[in-house]
Amino acid sequence: MSAPKRPAKALKVLLLVVAALALLMGIAVGAALAATRNIRATEDFSAFEPNLPTKILDVKGRLITEFSSDEKREMVSIKELPRHLIDALITREDQAFYRHRGFTLKSLIRAVWGKVSGQTLGGGSTITQQVAGTLYADRADYSIRRKIVELWWALQLERRYTKEEILEIYLNRMYMGAGCYGVEAASKFYFGHSAREISLAEAAILVIQLSSPAKYNPIANPNNARARSREVLDQMVRAGYATREEADASFNEYWESFDYTRVVTSAFFMRDDKAPWFSEYVRRQLEDMLYGSLDLYKDGFVVNTTLDLDMQAAADRYMKLGIEQVNAEFKASSGIRLKEAERTYIPIVEMLGLAFDLDELFVSEAKVKGKTLDYYQRRLNPTLDAAALLFGLPDLKAITNASYGKAKTELEKTTVEGALITIENETGHIKAIVGGSKFDQSNQLIRATQASLMPGSCFKPLYYSAAIDSRKFTEGSLIYDSPVVFYNENGTPYVPLNYKGEWKGPVLTWYALAKSMNVPSLKILDAIGFDTAIDRAAALLDITNPAEIRQTFPRVYPLGLGVIGVSPLKMARAFAVFANQGREVTPIAIRSVEDRNGRIILEPEKELRTQQKKKGQAIQVISPQNAAVMVDMLERVVQYGTLQGPSGGGAALSYKDEAGKKYTIPSAGKTGTTQNWADAWTVGFTPYLTTAIWFGFDRPGNSLGVNQSGATIAGDYWSRYMREVHRGLPYKAFARPQTGLIQVNVCSVSGLLPTEFCTEGTTSLLFYEGTQPSRYCDLHQYGAERDQALLNKLGDQLKLLNDGNAVDSKLKIDIPGLDLNTPAPSPDEAQPETKPPENLLN
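Asker: Residue-level account of the overall build of the chain, with values.
Answerer: Each helix and strand in the chain was counted, giving 26 helices and 19 strands. Evaluated residue by residue, the chain yields a buried proportion of 47% over its 842 residues. Contacts in the chain between residues at least 24 apart in sequence constitute 71% of all its contacts with a sequence separation of at least 6. Carbon and sulfur atoms form 56% of the exposed surface of the chain, whose accessible area is close to 42,200 Å².

Okay, structure coming up:
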């Protein structure tokens, strides 16, 4: 009788469970619907979360600067915007926008599969979902939960707003690079006019900023922007939004008049910034890391960097002094040269012009034209430019812009700039950056990291490293320094000259590098070959792309004198590898990034260390033995070579410890001066830090002056700066491997084992085991034997005189087999059975 009651009881339990679930679901739905009522009451979507600036901190936690969104958002009605801007947006971001109700199943599946498979298959968010994510979700959260939240709010937006209203919200809120929010602010920044006046080509450029403003910024990366916007225009043509003729005409008009000289501008400049060049370098990296989801200017990040504000302050101070000094001396020497030209050469040229009726040679007329042009550019052009803007005269504006461009080009040719970068050898931490004379809207080229500059003789150690590894050369190899003709692969001759046209005859390898001698260096390059030299230089400079390697390193002999384009950062990296026992050094500026709640969202340094650890022995760019030999040779540059004067032979880094005991931190480096004294370099290091300094012109064509070289200018400021930033650091020696090397005392002239005849001294050199000399020096004994024979014969003649046997007041000394009026015979002539030194390279 009780059996029928059990189903009834179970049914009651089931009904209670269903009722409870329904209640819970009702509460959840009710809460969600109540939350969606905020949409009805919020039209400008501006008060969802307070904006917080991003803080940039140095390695000790001190504030460098803050990034915040300033006055870079301007609202505009969608009714005022041209239709082709809307079409470009739809084409680029969401071609099914007018057909879906907030999401598309295809895009969701693509996004999920990309996440699961680890492939980049494109985003899965519609325009509506992007708006929902920006307003209601944490786009730093890459979880499925965030996608569900984003989808929910997208559905609510579609219920509440029309498609045009959603587009208007999107066009006014989304970040478009350089601190600009919305199409109106972005259009004014990139193109100089309102989005209401935007062209078809400009619309395509604007919409590609949404996915990656750092990559497609037309000012910073015009080639990327050009190619990607062309793709968008082609898509618009295929979709029927524009004709081929319209797209081509607009594209050509924009890029034919594009100003490639404009430099990328930061979001703001009126801010307190203790290291503006470094901050800009970090800002550009952050925009690349955070694109498409996070807002650098209002999300309140804390960025922990590698900069040391103390080192940066020293770098700013010394580079300011250096740039001022070099400019002053350049102007003084230029004035002297101009006066000499006017006094001596101009009259000759004008006489030739008169004699042969050549109008082009009338210098006086050219001087008048030059002064007139200068007056126009300085006085009249600014007034005309203002009038063109005031009265809307585009033709006149084009003329004034051209004049500004020409004046800017001339300024770049006659203004000396400078750059400095310091990196920590073991970590790659960038400790200080100076990118130029002054950081502002017109001067944002970070020359320390972006410029492609000729390093001159600073490049030589890179292939000397390969020469040591080849075992064809050691520190003690003898090389003959004399005029020589090299023939490039195409048969063209190349005749190098040494500094001031001096020749030293036979010199040792270390001496050739220390004194920056060109002919011996090119003989080394010739002996090891272009392939070996280029492979080593590319590895040290961290240039891995084959196309870039071919472009950077021409297979001609001027390569050996540093006639290539490379940044100071890459040169500093190459020298830091020497200091770091041959291990890879990857320059890094950002250690980690935290969100406003203190949660770490990016750890670039941790990722880098993990990658380096996985490399194992492959982290060695060169062997520890090769690095040690290069350090030893570059120390000799400081002690005896071109850096001896500015560094006091290394004494510039001498200090006293707490007990008053003196110590000197060892240093090494190389100077470089390019042809016609156009660039002056010093790249040098200690066991702690590597610093590269450059002075020169943004545009080639001028000379700093014969008194401004890498040693006299860059070397001087390198020494003064390095002295300050090492103050307080304890003594530290360069590391040297315990095996594979041997220190040998050799004749300072021949590089062989010394004998009693090596009266010019000896020197201690570092060799790979097995490459050290095993023969004794045989260069000096012949001269010594001749001198002794001469003295013996002279003694005999004097004895005859004293005995009264001389019949002539003129003493004639005749030594059989020797002509005293000619140089001493070579070893081959004096001792035919004895071979000359094996390491003599002619």
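Asker: I'd like a description of the environment of Ala512, backed by residues and values.
Answerer: As for its position among the elements, Ala512 is in helix α16 (residues 509-514). The exposure class of Ala512 is buried, given its relative accessible area of 0%. Sequence separation between Ala512 and Val637 is 125 residues; the distance between their C-alpha atoms is 9.7 Å. Not counting residues up to four positions away in its chain, the partners in contact with Ala512 are Tyr464, Val507, Met517 and Pro520.

Asker: Can you tell me about the nonpolar core, naming the residues and giving the values?
Answerer: One broad trend across soluble globular proteins is that nonpolar side chains are buried collectively. Residues Phe278, Leu286, Ile421, Ile433, Phe553 and Phe685 are the most contacted members of the largest nonpolar core, which totals 105 residues. When neighbours within four sequence positions are excluded, Phe685 is seen to be in contact with Phe575, Phe578, Ala579, Val631, Leu634, Pro666, Ser667, Ala668, Thr690, Trp718, Met722 and Phe734. Core analysis: the next-biggest nonpolar cluster, separate from the first, contains 56 residues, Ile78, Val183, Ala201 and Ala225 among them.

Asker: Run through the side chain of Asp273, naming residues and quoting values.
Answerer: By the element assignment, Asp273 lies in the loop between α10 (244-256) and α11 (276-289). Overall, Asp273 belongs to the buried group, its relative accessible area being 15%. One polar contact links the side chain of Asp273 to the main-chain amide nitrogen of Ala275, over a distance of 3.0 Å. A polar contact is formed between the side chain of Asp273 and the side chain of Ser279, at a distance of 2.9 Å.

Asker: A description of the side chain of Ser125 should follow, citing residues and the corresponding values.
Answerer: With respect to the secondary-structure elements, Ser125 resides in the loop between α3 (105-117) and α4 (127-136). If near-sequence neighbours (up to four positions away) are discounted, Ser125 is found in contact with Glu93, Gln130, Lys147 and Glu150.

Asker: Tell me about helix α8 (residues 200-207), residues and numbers included.
Answerer: Quick reminder: α-helices carry 3.6 residues per turn. Residues three or four places apart thus point the same way. Counting buried positions along α8 yields eight of eight residues, so the element is predominantly enclosed. Contact partners of the buried residues in α8: α2 (83-93), α7 (182-191), α9 (222-239) and α10.

Asker: Please provide a residue-by-residue account of the sheet that holds strand β10 (residues 590-594), values included.
Answerer: Spatial strand order, β2-β1-β3-β10-β11: five strands in an open sheet with mixed pairing. The strands lining the two open edges of the sheet, one partner per strand, are β2 (63-67) and β11 (600-602). Sheet twist, expressed as the mean angle between neighbouring strand axes with direction ignored, is 25°. Across four bridges, the pairing between strand β3 (residues 302-305) and β10 is antiparallel. Paired with Thr305 across the bridge in β10 is Ile590.

About the thresholds
- Residues numbered from 1 in each chain as written.
- Predicted model: local features only at pLDDT ≥ 70, side-chain atom pairs only at ≥ 80, totals over all residues.
- Heavy atoms only, no water.
- Helix = DSSP H or I, 4+ residues; strand = E, 2+ residues; numbered from the N terminus.
- Buried < 20%, exposed > 50% of the residue type's maximum accessible area, 1.4 Å probe, protein only.
- Contact = heavy atoms within 4.5 Å.
- Areas by Shrake-Rupley, 256 points an atom, 1.4 Å probe, with all protein chains shown as cover.
- Core = buried A, V, L, I, M, F, W, Y, C linked by side-chain atoms within 4.5 Å.
- Polar contact = N/O pair within 3.5 Å; in protein donor to acceptor, adjacent residues only side chain to side chain.
- Pairing = 2+ DSSP bridges.
- Axes fitted to C-alpha atoms, helices over the stretch in contact; angles between N-to-C directions.

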